[in-house]
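Remarks on the overall topology
One letter stands for each residue in the lines below.
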Amino acid sequence: MSAPPLSTCDASQPGHRLIAWAIGLVLLVGCVWGVFRLTRLQFDAADFQPSTWVDGHAGNQLNKALGVLPGQGEIDLWSAALRYRLLGDLGPQVAEGCPGWLFYRDGLRPQPGSEGAFEERLKLMRAWTERLAKAGIRTVVAVVPDKSRIEAEQLCGLPVSQPMRARMDAFQQALAAQGVAHIDLRPTLGALPQPFYRTDVHMSPTGAEAVAERIAQAVLPWLGGRGDQRFDEVRGSAPQPRMGDLIVLAGLENAPEGWRPPLESFVPEQIQPVHTGGLLDEGPPAEVMLVGDSNGLRSEFASRLGRGLGREVWDQSIAGGYFSGAMLATLDRQKQWPSSLKVAVWQFSELSLSLPLSAAERRALAALR
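One structure accompanies this document, and this report is about it.

Conventions and cut-offs
Residues numbered from 1 in each chain as written. Predicted model: local features only at pLDDT ≥ 70, side-chain atom pairs only at ≥ 80, totals over all residues. Heavy atoms only, no water. Helix = DSSP H or I, 4+ residues; strand = E, 2+ residues; numbered from the N terminus. Buried < 20%, exposed > 50% of the residue type's maximum accessible area, 1.4 Å probe, protein only. Contact = heavy atoms within 4.5 Å. Pairing = 2+ DSSP bridges. Axes fitted to C-alpha atoms, helices over the stretch in contact; angles between N-to-C directions. Polar contact = N/O pair within 3.5 Å; in protein donor to acceptor, adjacent residues only side chain to side chain. Disulfide = S-S within 2.5 Å. Parallel < 35°, antiparallel > 145°, perpendicular 65-115°, else oblique. Left-handed = near helix turned anticlockwise from the far one by under 90°. Phe/Tyr/Trp six-rings, centres within 6.5 Å; stacked < 30°, edge-to-face > 60°.

Section: the environment of Leu124
Examined against the element boundaries, Leu124 turns out to sit in helix 5 (residues 117-134). According to the relative accessible area criterion, Leu124 is buried, its value standing at 0%. As a C-alpha pair, Leu124 and Ala364 span 240 residues in sequence and 7.8 Å in three-dimensional space. In this structure, Leu124 is in contact with Phe323, Glu361, Ala364, Leu365 and Leu368, ignoring residues within four places of it in sequence.

Concerning the sheet that holds strand 10 (residues 314-315)
The strand order across the open sheet formed by 5 strands is 4-3-11-9-10, and the pairing between neighbours is parallel. Each end of this open sheet is capped by a strand with a single partner; those strands are strand 4 (181-184) and strand 10. Sheet topology places strand 9 (residues 288-291) next to strand 10; 2 bridges connect them, and they run parallel. Each bridged residue has a counterpart across the sheet, and for Met289 the counterpart in strand 10 is Trp314. Contacting strand 3 (138-144), strand 4 and strand 11 (343-349), helix 7 (residues 162-178) crosses the sheet at an angle of about 150° to strand 4.

Some points on the side chain of Glu350
Residue placement: Glu350 occurs in the loop between strand 11 and helix 13 (359-368). A distance of 2.6 Å separates polar atoms of two side chains, one belonging to Glu350 and the other to Arg149. The contact partners of Glu350, leaving out residues within four places of it in the chain, are Val143, Val144, Pro145, Asp146, Arg149, Met164, Arg165 and Met168.

Re the environment of Gly97
With respect to the element layout, Gly97 can be found in the loop between strand 1 (94-96) and strand 2 (102-104). On the accessibility criterion, Gly97 (17% relative accessible area) is buried. In the structure, Gly97 is positioned 57 residues away from Gln154 in sequence and 6.0 Å away in space, judged by C-alpha atoms. Not counting chain neighbours up to four residues away, the residues in contact with Gly97 comprise Phe103, Gln154, Leu155, Cys156 and Leu158.

Considering the state of the cysteines
Per the stated rule, a full pass over the model turns up 1 disulfide. There is a disulfide in this structure between Cys98 and Cys156, and the S-S distance comes to 1.8 Å. Sign of the S-S torsion, about 90° for the bond between Cys98 and Cys156, identifies this disulfide as right-handed. Here the residue Cys98 occupies a position in the loop between strand 1 and strand 2, and Cys156 occupies one in the loop between helix 6 (147-150) and helix 7, the gap between them amounting to 58 residues.

So, the packing of helix 5 against helix 7
Between helix 5 and helix 7, whose axes approach to 11 Å, the crossing angle comes to 30°. It follows from the interaxial angle that helix 5 and helix 7 lie roughly parallel. Viewed along their axes, helix 5 and helix 7 form a crossing whose handedness is right-handed. On the side of helix 5, the interface is formed by Phe118, Leu122, Met125 and Arg126, while helix 7 contributes Arg167, Ala170, Phe171, Ala174, Leu175 and Gln178.

Looking at the packing of aromatic side chains
The description of two aromatic rings rests on the distance between their centres and on the angle between their planes. Here the structure, examined in full by the defined rule, presents 9 aromatic pairs. Ring plane angle 75° and centroid distance 5.8 Å describe the contact between Phe171 and Phe348, whose orientation is recorded as edge-to-face. Of this pair, Phe171 sits in helix 7 while Phe348 sits in strand 11, placing them 177 residues apart in sequence. When its relative accessible area of 0% is taken as the criterion, Phe348 is described as buried. Judged by centre distance (5.0 Å) and plane angle (85°), the ring pair of Tyr197 and Phe266 falls under edge-to-face. With Tyr197 in the loop between helix 8 (186-190) and helix 9 (205-223) and Phe266 in strand 7 (residues 264-266), the pair connects residues that are 69 residues apart, well separated along the chain. A relative accessible area of 5% places Tyr197 in the buried class. By relative accessible area, Phe266 is classed as partly exposed at 24%. Linked through ring pairs, Phe118, Trp128, Phe171, Phe323, Trp346 and Phe348 together constitute an aromatic cluster.

Okay, here's the thing in structure tokens:
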């Protein structure tokens with residue numbers, strides 16, 4: 001007796017056609033959404049060179065553009081909240097050391113594509129400090145040590161890359177060899193009880209005050225002593241909760257209490273120069289320029305530095321500027337600099353020495369060649 005014939009899929013059946021149309025519609029919607037997202041991508045040709053495809057940078061740019069769906073914000077929020085509540089996991093960019101202490105993972109281990117970046121940045125450092133010297137401006141470099149270095153007791157076993165740790169000494173040795181003034185802030189911050197925020201990568205008010213005072217001590221001899229600019233400090237009446245940027249980076253900024261790490265509380269304060277003239281009167285000429293990263297914009301750092309100098313500081317810091325962001329932007333505007341400038345305080349984070357080269361840095365290096 002022969003076996004019964006195997007059934008075959010009849011594409012003409014209404015149910016099969018319906019499924020095919022549904023799949024086709026989903027694919028069409030996905031294609032249209034992908035094209036729309038790509039048109040919204042801020043395209044920079046330097047981000048899509050052959051080398052950026054090799055190190056994964058270009059692919060990451062495309063993933064950011066294509067990986068956003070309608071309602072993605074709520075999906076990501078509750079995914080991050082559940083991951084933290086159930087597993088204690090803060091995602092790929094943030095790690096928790098001791099309870100409540102958050103650290104930026106890029107400060108713990110190097111990113112792919114960072115090979116050779118350190119040596120290239122030394123070339124930029126030499127070129128830019130020489131350019132400032134030709135303009136009659138003395139430069140002091142102040143590298144803010146990574147939080148994971150200063151708050152090492154709060155890591156609770158999180159591993160740290162030793163080659164990254166060694167770059168701080170190597171960079172300062174290069175500065176000394178080139179005759180560039182620099183300040184080692186490790187002893188200054190290491191002597192304080194809590195120089196960094198618990199849920200943030202930046203210096204706390206205590207750390208910012210100590211670093212500003214240390215830099216002021218180094219710069220004052222170049223300025224002939226302390227100026228007579230006065231500063232007012234206004235402090236709040238009670239501590240207020242503060243949202244740390246590492247909580248934001250973990251995607252938990254809008255998560256309910258208990259579904260994210262506990263917030264810190266600080267008394268808000270403002271430090272501002274006292275201007276004795278009218279609203280339209282010009283202030284004293286700027287003698288000191290702060291070329292900083294986001295540390296220069298947090299904890300009233302620029303005003304604290306100005307108070308230590310007795311002079312208002314011309315703050316050119318850029319959030320997320322790392323090693324070169326503020327310096328490149330400031331050099332592009334060199335024709336607009338006040339002629340009274342005497343000193344540039346170049347401040348950036350230790351992490352900046354171990355990041356892959358940015359597109360702007362690659363362009364700057366090409367211009368040097």
